[in-house]
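# Observations on the three-dimensional arrangement
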Amino acid sequence: MPDQSPPAPDLFTWEFAADPYPAYAWLREHAPVHRTKLPSGVDAWLVTRYADARQTLADTRLSKNPAHHDEPAHAKGRTGIPGERQADLMTHLLNIDPPDHTRLRRLVSKAFTPRRVAEFAPRVQELTDDLIDRFTTSGSGTADLIHDFAFPLPIYAICDLLGVPREDQDDFRDWAGMMIRHGGGPRGGVARSVKKMRGYLAELIHRKRMELPAEPVPGEDLISGLIRASDHGAHLTENEAAAMAFILLFAGFETTVNLIGNGTYALLTHPEQRRRLQRALAEGDRALLETGVEELLRYDGPVELATWRFATEPVVIGGQRIEAGDPVLVVLAAADRDPERFADPDTLDLGRRDNQHLGYGHGIHYCLGAPLARLEGQTALATLLTRLPDLRLAVDPAELRWRGGLIMRGLRTLPVEFFPPRSGQT
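Residues numbered from 1 in each chain as written. Predicted model: local features only at pLDDT ≥ 70, side-chain atom pairs only at ≥ 80, totals over all residues. Heavy atoms only, no water.

Let us now look at the side chain of Asp-168. Within the element layout of this structure, Asp-168 appears in the loop between helix H8 (152-162) and helix H9 (169-179). Side chain to side chain, Asp-168 and Tyr-200 meet in a polar contact 2.5 Å long. (Helix = DSSP H or I, 4+ residues; strand = E, 2+ residues; numbered from the N terminus. Polar contact = N/O pair within 3.5 Å; in protein donor to acceptor, adjacent residues only side chain to side chain.)

In structure tokens, the structure reads:
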């Protein structure tokens, strides 16, 4: 009998970017481990089923080190963050394996503690309120929630946490803005921004090391904590500290931009779920906020594909043999809509309990900054819904455009309308 299945969908088009979930459903059913040519020209395997995704994320035969990529000449340097090789920023947690990964993660974990994140909560709330004040007091009753809110909040937050002086933070905002355009800016702009950021971080780390007090002080910043952290007498080198500060900033801000943007968009297009959350917040019940952010991470999360992995030996995933040197990309967005794992996966349910999503990964590379992203996401969404209860989209959803790129998923803009607060009201 001839194959009656529908033809394979086009991947990585603008139409696909707007709504990739039907294509991912087709892949899960017909080609769950699928080899494709990426827009960069690199050939890679896409893993789309939940069970296969969890296996792949934890499989030690899949390396994070690009040195294991059996890359042809045309693909050289196209599997990481643009410019990180030239800027000597490769020695961070997304590019290394044990035992180096174990040592570095242990050192960074000593500085980036849950307690440090919890103590930072008042500052996140202060930044959130300040940004909302700025766009609500203009009197227009409109805003672009990406440009005016979702983008600056995590940039200023991570800069404060790292210890970047306030007078330098707008430079970071400019560099970060270039980095998330994914080809939308001037040619080579991302690499130049990475180089500038790397140079600044190296100078800042050196200065903080020279000025570091003998004992920690209350509220000590994260870079000072990275410098101070030791493991059996071993410390991070200045190059390692610069690479770690860079990846904490790069990975820590864009994921949160997308969490706030995608999450707000999902709530605005699911009014019954938004009202449900607003009622809970009005009653002082934050349990639904916590499960709700987890559901937003699952439903339309900020990270579409996990970062690169490379087979160090032949490996079988989902019945498909993958050769040594082949790149493998786990499609988190597809795995988190797998009906074999989640009931009614295409339904947004803020109260979903059985929700072991993969939005922040799995295994030893589980996102170190997840607690900070959750804090920022919960604070941002709760404050928006409470202070602007009538918030609504200012355009038809079909008019919205999603940023191009491979790993992240996020809106370019999110135009909204609201009733401006009366004079003296916040």
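From this point, the discussion proceeds with the structure in view.
The buried fraction of strand S2 (residues 43-47) is high, at four of five residues. Alignment of strand S1 (residues 33-37) against S2, held across five bridges, turns out to be antiparallel. Paired with Lys-37 across the strands is Asp-43, a residue of S2. As consecutive antiparallel partners, S1 and S2 are separated by five residues, and within that stretch Gly-41 has a phi angle of approximately 95°, a positive value. Summarising the sheet, S2 and strand S10 (residues 327-330) pair through three bridges and their orientation is parallel. (Buried < 20%, exposed > 50% of the residue type's maximum accessible area, 1.4 Å probe, protein only. Pairing = 2+ DSSP bridges.)

Strands in a sheet are paired, the pairing made by backbone hydrogen bonds, and the direction either parallel or antiparallel. Pairing is mixed in the open sheet, where five strands are placed in the order S1-S2-S10-S7-S3. Every other strand in the sheet has two partners, leaving S1 and strand S3 (62-63) as the edge strands with one partner each. Sitting on the sheet, helix H3 (residues 50-58) is in contact with S1, S2, S3, strand S7 (309-311) and S10, with an inclination near 125° to S10. (Contact = heavy atoms within 4.5 Å. Axes fitted to C-alpha atoms, helices over the stretch in contact; angles between N-to-C directions.)

Overall, antiparallel pairing links the three strands, which are arranged S4-S12-S11 in an open sheet. Only two strands of the sheet have a single partner each, and these edge strands are strand S4 (142-144) and strand S11 (392-393). As paired elements, S11 and strand S12 (residues 415-417) share two bridges and run antiparallel to each other. Residue Leu-393 lies in a different strand from S12, and its bridge partner there is Val-416.

Before going further, it helps to examine the confidence of the model for the chain. Low pLDDT marks stretches whose predicted atomic positions should not be read closely. For the chain, the mean per-residue pLDDT works out to 87, and 89% of the residues sit at or above 70. Low pLDDT (under 50) marks residues 182-186, which in the prediction has nine contacts with non-local residues, meaning those over four places away or in another chain. Residue range residues 422-426 is modelled with pLDDT below 50. Its contacts to residues more than four positions away, or to other chains, number two contacts. (pLDDT = per-residue confidence, 0-100.)

Before going further, it helps to spend a moment on the environment of Lys-110. Residue placement: Lys-110 occurs in helix H4 (residues 100-111). Sequence separation between Lys-110 and Gly-225 is 115 residues, and the spatial gap between their C-alpha atoms is 7.8 Å.

Glancing now at the packing of aromatic side chains. Counted by the stated rule, this structure contains 12 aromatic pairs. Judged by centre distance (6.3 Å) and plane angle (5°), the rings of Trp-308 and Phe-310 are stacked. Ring-pair connections join several aromatic residues into one group, and the members of that group are Phe-12, Phe-16, Tyr-21 and Tyr-24. Looking at Arg-298, its charged tip hangs above the ring of Phe-342, at a distance of 5.4 Å from the centre. (Phe/Tyr/Trp six-rings, centres within 6.5 Å; stacked < 30°, edge-to-face > 60°. Lys NZ or Arg CZ within 6 Å of the ring centre and 35° of its normal.)

In terms of nonpolar packing, the biggest core is built from 75 residues, with Phe-112, Phe-135, Phe-149, Phe-172 and Leu-414 touching the most fellow members. For this core, the leading source of residues is helix H12 (residues 238-268), giving 14 residues. Excluding residues that lie within four positions of it along the chain, Phe-172 makes contacts with Ile-155, Cys-159, Val-164, Met-197, Tyr-200, Leu-201 and Leu-249. Listed in part, the 41 residues of the second largest apolar core include Ala-31, Leu-305, Ile-317 and Val-330. (Core = buried A, V, L, I, M, F, W, Y, C linked by side-chain atoms within 4.5 Å.)

The subject of this paragraph is the packing of H8 against helix H16 (residues 370-387). The geometry of H8 relative to H16 is characterised by a closest axis approach of 11 Å and an angle of 135° between their N-to-C directions. Taken together, H8 and H16 sit at an angle that is classed as oblique. As for the relative orientation of H8 and H16, their crossing is right-handed in sense. Residues Leu-153, Pro-154, Ala-157, Ile-158 and Leu-161 of H8 form the contact with H16, whose own contacting residues are Leu-372, Glu-376 and Ala-380. Residue composition of the contact of H8 with H16, grouped by class: seven nonpolar, no polar and one charged. (Parallel < 35°, antiparallel > 145°, perpendicular 65-115°, else oblique. Left-handed = near helix turned anticlockwise from the far one by under 90°. Nonpolar A, V, L, I, M, F, W, Y, C, P; charged D, E, K, R; others polar.)

In terms of burial, H9 is largely enclosed, as eight of its 11 residues are buried. Of the residues making up H9, those classed as buried are Gln-169, Phe-172, Arg-173, Trp-175, Ala-176, Gly-177, Met-178 and Met-179.

Let us now look at unusual backbone geometry. Only a minority of non-glycine residues have a phi that is not negative, and only a minority of peptide bonds are not trans. Of note, the amide linkage connecting Pro-98 to Pro-99 takes the cis form, showing an omega dihedral of 5°. Counting through the fold element by element, Pro-99 comes out in the loop between S3 and H4. Notably, Phe-12 is not glycine yet its phi reads approximately 65°, a positive angle. Mapping Phe-12 onto the fold places it in the segment before helix H1 (14-18). Look at Phe-12 and you get partly exposed, because its relative accessible area is 23%.

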